[in-house]
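The chain contents come next:
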Amino acid sequence: MSAADGPGGPLPAALLPLTAEVDADDRLRIGGCDTLALAEEFGTPLFVYDEAHLRARCREAVEAFGPGVNYATKAFLCKAMAALAHEEGLHLDVSTAGEYHVARAAGVPASALVLHGNNKSTGELARALREGVGRIVVDSFDELDRIEALVAAGLPAPAVLLRLTPGIEAHTHEYVQTGQDDSKFGFGVHTGAADAAFQRAQASPAVDLVGLHTHIGSQIFEARFFERAIEVLARWFHDHELPELSVGGGIGVAYVAGEEAPSIAEWGKAVHDACAAAGITARLTAEPGRAIVAQAAVTLYTVGTVKDIPGIRTYVAVDGGMSDNPRPVLYGSGYETFLPRSTGAARTRRVTVVGKHCESGDVLVREGRVPADLRVGDVLATPVTGAYGHSMGSNYNKVPRPAVVFVADGSARLVVRRETEDDLLRHDL
Ligand SMILES: Cc1ncc(COP(=O)(O)O)c(C=O)c1O
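(A) Expanded view of the overall build of the protein. Of the regular secondary structure elements, the protein holds 11 helices and 20 strands. Here the C-alpha radius of gyration of the protein, 22 Å, is about what a compact globule of 429 residues would show, namely 22 Å. Taking the principal axes of the C-alpha coordinates as reference, the protein spans close to 70 × 55 × 40 Å. Across the 429 residues in the protein, those meeting the buried criterion constitute 48%. Pairs at least 24 apart in sequence give 69% of the contacts found in the protein among residues at least 6 apart.

(B) Structural context of the site of the ligand. Around the ligand, 16 residues are found, and the nearest of them are Ala72, Ser218, Gly249, Gly289 and Arg290. Grouping the amino acids of the shell around the ligand by side-chain chemistry returns 5 nonpolar, 7 polar and 4 charged.

(C) Representation of the environment of Ala403 within the structure. Locating Ala403 in the fold gives a position in strand β19 (residues 403-408). For Ala403, a count of 20 C-beta atoms within 10 Å gives the class buried. Taking the C-alpha atoms as reference, Ala403 lies 8.8 Å from Val48; in sequence the two are 355 residues apart.

(D) Structural detail: the packing of helix α8 (residues 223-239) against helix α9 (residues 264-277). With their axes 9 Å apart at the nearest point, α8 and α9 run at an angle of 30° to one another. With respect to α9, the element α8 is oriented roughly parallel. Between α8 and α9 the crossing geometry is right-handed. Counting all contacts with α8, which are made through Ala223, Phe226, Glu227 and Ile230, the residues of α9 involved are Trp267, Ala270, Val271, Ala274 and Cys275. Class assignment of the residues belonging to the contact of α8 with α9 gives a composition of 8 nonpolar, no polar and 1 charged.

(E) Fine view of the pairing of strand β14 (residues 297-309). Judged from the 4 bridges that link them, strand β4 (residues 46-50) and β14 form a sheet pairing that is antiparallel. Within β14, the position partnered with Phe47 by the bridge is Thr299. Here 5 bridges tie β14 to strand β18 (residues 379-383), and the two strands are oriented antiparallel to one another. Along β18, the bridge assignment pairs Val298 with Pro383. As defined by bridge partners, β14 adjoins strand β15 (residues 313-318) across 6 bridges and the pair is classed as antiparallel. Along β15, the bridge assignment pairs Ile309 with Arg313. Hairpin connection between β14 and β15: a loop of 3 residues separates the two successive antiparallel strands, and Gly311 in this loop has a positive phi of roughly 75°.

(F) A look at the sheet that holds strand β1 (residues 21-22). Spatially, 3 strands are ordered β1-β2-β3 in an open sheet, and the strand pairing comes out antiparallel. The open sheet is flanked by β1 and β3 (33-34), the only strands paired with a single partner. Two elements, β1 and strand β2 (residues 28-30), share 2 bridges in a ladder whose sense is antiparallel. Bridge pairing in β2 places Val22 opposite Leu28.

(G) Focus on unusual backbone geometry. Residues Thr44 and Pro45 are joined by a peptide bond in cis, for which omega reads -5°. Residue placement: Pro45 occurs in the loop between α1 (35-42) and β4. Here Asp26, not a glycine, exhibits a phi torsion of approximately 75°, which is positive. If you check the backbone angles, Tyr388 has positive phi at about 55° while not being a glycine. Inspection of the secondary structure puts Tyr388 in the loop between β18 and β19. Residue classification places Tyr388 among the buried positions, given that 24 C-beta atoms sit within 10 Å.

(H) Molecular detail of the domain arrangement of the protein. Domain parsing of the protein yields domain 1 (3-50 + 295-425) and domain 2 (51-293). Here the C-alpha centroids of domain 1 and domain 2 sit 31 Å apart. The interface of domain 1 with domain 2 comprises 32 residues on the first partner and 22 residues on the second. Residue assignment for the side of domain 1 that touches domain 2 shows that the elements contributing at least two residues are β4, α11 (327-331), β19 and β20 (411-416). Among the elements that line the side of domain 1 that touches domain 2, the one with the most residues is β19, at 4 residues. Looking at the side of domain 1 that touches domain 2 residue by residue, the classes come out as 20 nonpolar, 9 polar and 3 charged.

(I) Region of interest: α9. With 14 residues, α9 extends 20 Å from end C-alpha to end C-alpha; this agrees with the ideal 20 Å at 1.5 Å per step. Turning to α9, its buried residues are Ile264, Trp267, Gly268, Val271, Ala274 and Cys275. Viewed end-on, α9 has its buried residues packed into an arc of 130°, placing them on one side of the element. Turned more than 90 degrees off the buried face of α9, the exposed positions are Ala265, Ala276 and Ala277. Considering only its buried residues, α9 is in contact with α2 (51-65), α8, β12 (244-246), β13 (283-285) and α10 (290-293).

About the thresholds
- Residues numbered from 1 in each chain as written.
- Predicted model: local features only at pLDDT ≥ 70, side-chain atom pairs only at ≥ 80, totals over all residues.
- Helix = DSSP H or I, 4+ residues; strand = E, 2+ residues; numbered from the N terminus.
- Rg over C-alpha atoms; globule rule 2.2 N^0.38 Å.
- Buried ≥ 20, exposed ≤ 12 C-beta atoms within 10 Å, placed from the backbone.
- Contact = placed C-beta atoms within 7 Å.
- Near = placed C-beta within 6 Å.
- Nonpolar A, V, L, I, M, F, W, Y, C, P; charged D, E, K, R; others polar.
- Axes fitted to C-alpha atoms, helices over the stretch in contact; angles between N-to-C directions.
- Parallel < 35°, antiparallel > 145°, perpendicular 65-115°, else oblique.
- Left-handed = near helix turned anticlockwise from the far one by under 90°.
- Pairing = 2+ DSSP bridges.
- Domains from an automatic or database assignment.
- Expected span 1.5 Å × (residues − 1).
- Arc of directions from axis to C-beta.

In structure tokens form, the structure reads like this:
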């Protein structure tokens, strides 16, 4: 990290999408498009995704795990994203009928989908079985009951992985830890549920048991947690012919200056090495979400109010907020902020960036820094907003959801239009 990357310095370039560049006037361009012109043309708040970045990360995942590695669509999903990941040779992890439907509407065949979820309904399972879903990651005994009933009623038996909970507490926010014994997900290894589920699935003519799955959490920076999960799962691979192991997703990404995260390639190597060390020869696969999309996007907002409380804090209020990025409120997540009109400028002014919702907790960047001359009307950007922002967004306070553009080679493609106020009335009768 250079001295300029510290507090008060310009935004570290490493937090921007791959094709980000700064023009002669210090304005930020992404995918060859001027970001201020994008804000003008499409309005704000606006999610701007760098298509080259998305494709590069997809290719890195395919390189690390082979074709058919999964993209976890919960991180960000629209038809354009589903189609892009599919074009790049990835399969898609979907965890609800809604995600399944969007992927299918984008033209992704059911055989390229992996259906997740801790409470899949009979309807969700029936559609997946009928259409020939690639894999079902079975999460509970009740789900096995439902699959058996559907197959008994004439639907084809699916290929399944069993989701095992290895009893590992990865160092991450407790809301995104999933590998520990006390979890709503999967069959616990320590409780004996995993062995019972394995025996039942092996004996059941309603499922073709092809392997095991584990997902220990999200925003994990250390390979050792994945290594421990692999060690816990190894005995099933020693004792049985199991062709597949999925280590889930969860690799962390850097959100703020000074944070460093492993690349998908490094993560892939670490988990392959761990499998080799544990004597597992099954095909290894994974389902990264955040690592594919987080750094591909920036969100552009317009500053509407600057409230300076001398000696206390300066609040900079923008035209979005917790409805387009709930992560700071949910997990206390940190973000950076900067002005794309002065991308390389020192950020000497401490501010708290807040949204427009009727909620004091509606904070986007608690410890933000911006150039001293920030003013009302400026376009303000937050980087690394490509994951779990748009997808976790809401209409709280009846704020319409922002538009999404994909930029590449100097042109911008609107892939999700901005919601209108009439859209907010669509479901009212
Ligand atoms: C089962 C499963 N797979 C993959 C992911 C993707 O995780 P990440 O976006 O952290 O890579 C998640 C995230 O919650 C998950 O629950």
